[in-house]
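The residues making up each chain are set out below.
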Amino acid sequence: MRVLASMVLAFVLAAGSAMAAPPAPTQKIELTQMMGRWYEVARLPNKIQTGCQGGTSDWQRAADGFAVVQACHKGSLSAPVTEWKAKAKVLDPATNAKLQMTFFNGLVRQEYWVLDHRADQGWLILGTPGGRSVWLMSQRPTLPAGVKAQAVARLKQLGYDVGRLEFPLPARN
């Protein structure tokens, strides 16, 4: 499931103002639609991703779930790539929308929820259960303006302060 938790580590150690917890996911996610590369379009500020540009999250099927590589360029797109590797497993097979990611050989664990997924538009919203962190991810480096506006409106409907969103530069690949 390439539900991308873009910059997985950022999800795990994210810091930001808390909000009311988002609703639990109910939409079924097809795991085959989640595979491959996802691009970070927007996020709430967090310590791990400070200065991150061109964020990506690559999801591959593994024997016990997924192997995930999240990457970004700290400071500018010309900076070297910083990567975080993780393993992800589905926690809720009824929806496939609740995932647990582990980093550093299992030393750090964080749950992520796919809060919305629009396969027809190529985007999804990934957040942490407590509402502290959220990411808008796309299957393309950028989203058309109208589609991006719809996705941001959905973030607002979910209770996030969209005025706080960061929109990093898109990846070049």
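For clarity, every value in this text was computed on a predicted model and none was experimentally measured.

## Re the pairing of strand E4 (residues 81-90)
Across eight bridges, the pairing between strand E3 (residues 65-74) and E4 is antiparallel. By the bridge assignment for E4, Ala67 is matched with Lys87. Counting the residues between successive antiparallel strands, the hairpin from E3 to E4 contains six residues, one of them, Gly75, with a positive phi of roughly 95°. As paired strands, E4 and strand E5 (residues 98-103) are joined by five bridges and run antiparallel to one another. Looking at E5, one finds that Lys89 is bridged to Gln100.

## A few points about the pattern of salt bridges
The final tally for this structure, using the stated rule, is five salt bridges. As a salt-bridge pair, Asp58 and Arg37 come within 2.7 Å of each other at their nearest N and O atoms. Separated by 21 residues along the polypeptide, Asp58 in strand E2 (residues 52-62) and Arg37 in strand E1 (residues 36-43) bring together distant segments of the chain. For Asp58, a relative accessible area of 22% translates into the label partly exposed. Of the charged contacts in the structure, one is a salt bridge between Asp116 and Arg118, with a shortest N-O distance of 2.9 Å. Exposure remark for Asp116: the relative accessible area of 4% places this residue in the buried category. Bridged by salt links that share partners, the residues Glu40, Arg43 and Glu166 form one connected network.

## So, the packing of aromatic side chains
Within a pair of aromatic rings, the relevant descriptors are the distance that separates the centres and the angle that separates the planes. Under the defined criterion, the tally for this structure stands at two aromatic pairs. Ring centres of Trp59 and Phe66 lie 5.7 Å apart, and the angle between their planes is 65°; on these two criteria the pair is classed as edge-to-face. Pair check on accessibility: Trp59 and Phe66 agree, each one buried.

## With respect to unusual backbone geometry
Residues apart from glycine generally show negative phi values, whereas peptide bonds are mostly found in trans. Phi angles above zero are rare outside glycine, and Phe104 is one such case at about 55°. By the secondary structure assignment, Phe104 is in the loop between E5 and strand E6 (108-118). With a relative accessible area of 49%, Phe104 lands in the partly exposed category.

## What to know about the environment of Thr32
Tracing the chain through its elements places Thr32 in helix H2 (residues 31-34). On a C-alpha basis, the gap between Thr32 and Gln60 in space is 9.9 Å, while along the polypeptide they are 28 residues apart.

## Regarding the sheet that holds E4
Pairing in this closed barrel of eight strands is antiparallel, and the strands run E1-E2-E3-E4-E5-E6-E7-E8 around the ring. For this sheet, the mean inter-axis angle between neighbouring strands, taken without regard to orientation, is 35°. Relative to strand E7 (residues 123-127), E6 is paired through five bridges, and the arrangement is antiparallel. Residue pairing across strands places Trp113 opposite Gly127, the latter belonging to E7.

Criteria and thresholds
The residue count restarts for each chain, going from 1 along the sequence in the order it is written. Given that the model is predicted, a residue must reach a pLDDT of at least 70 before its local features are reported, and side-chain atom pairs must reach 80 or more before they are shown or counted; all residues, however, enter totals for whole chains, interfaces and linings. Side-chain measures were taken over the full set of non-hydrogen atoms in the model, leaving aside hydrogen atoms and water. Paired strands, in this sense, are two strands between which DSSP finds at least two bridges. Runs of H or I in DSSP of at least four residues are treated as helices and runs of E of at least two as strands, each being numbered from the N terminus. By definition here, a salt bridge exists when the distance from a side-chain nitrogen of Lys or Arg to a carboxyl oxygen of Asp or Glu is within 4 Å. When accessible area is computed with a 1.4 Å probe and restricted to protein chains, residues below 20% of their type maximum are described as buried, those above 50% as exposed, and intermediate ones as partly exposed. Pairing of aromatic rings covers Phe, Tyr and Trp, the last counted by its six-membered ring, and requires centre-to-centre distances within 6.5 Å; plane angles under 30 degrees mean stacked, over 60 mean edge-to-face, and any other angle means tilted. Interaxial angle, 0 to 180 degrees, is taken between N-to-C directions of lines fitted to C-alpha atoms, where a helix line uses only the stretch in contact.

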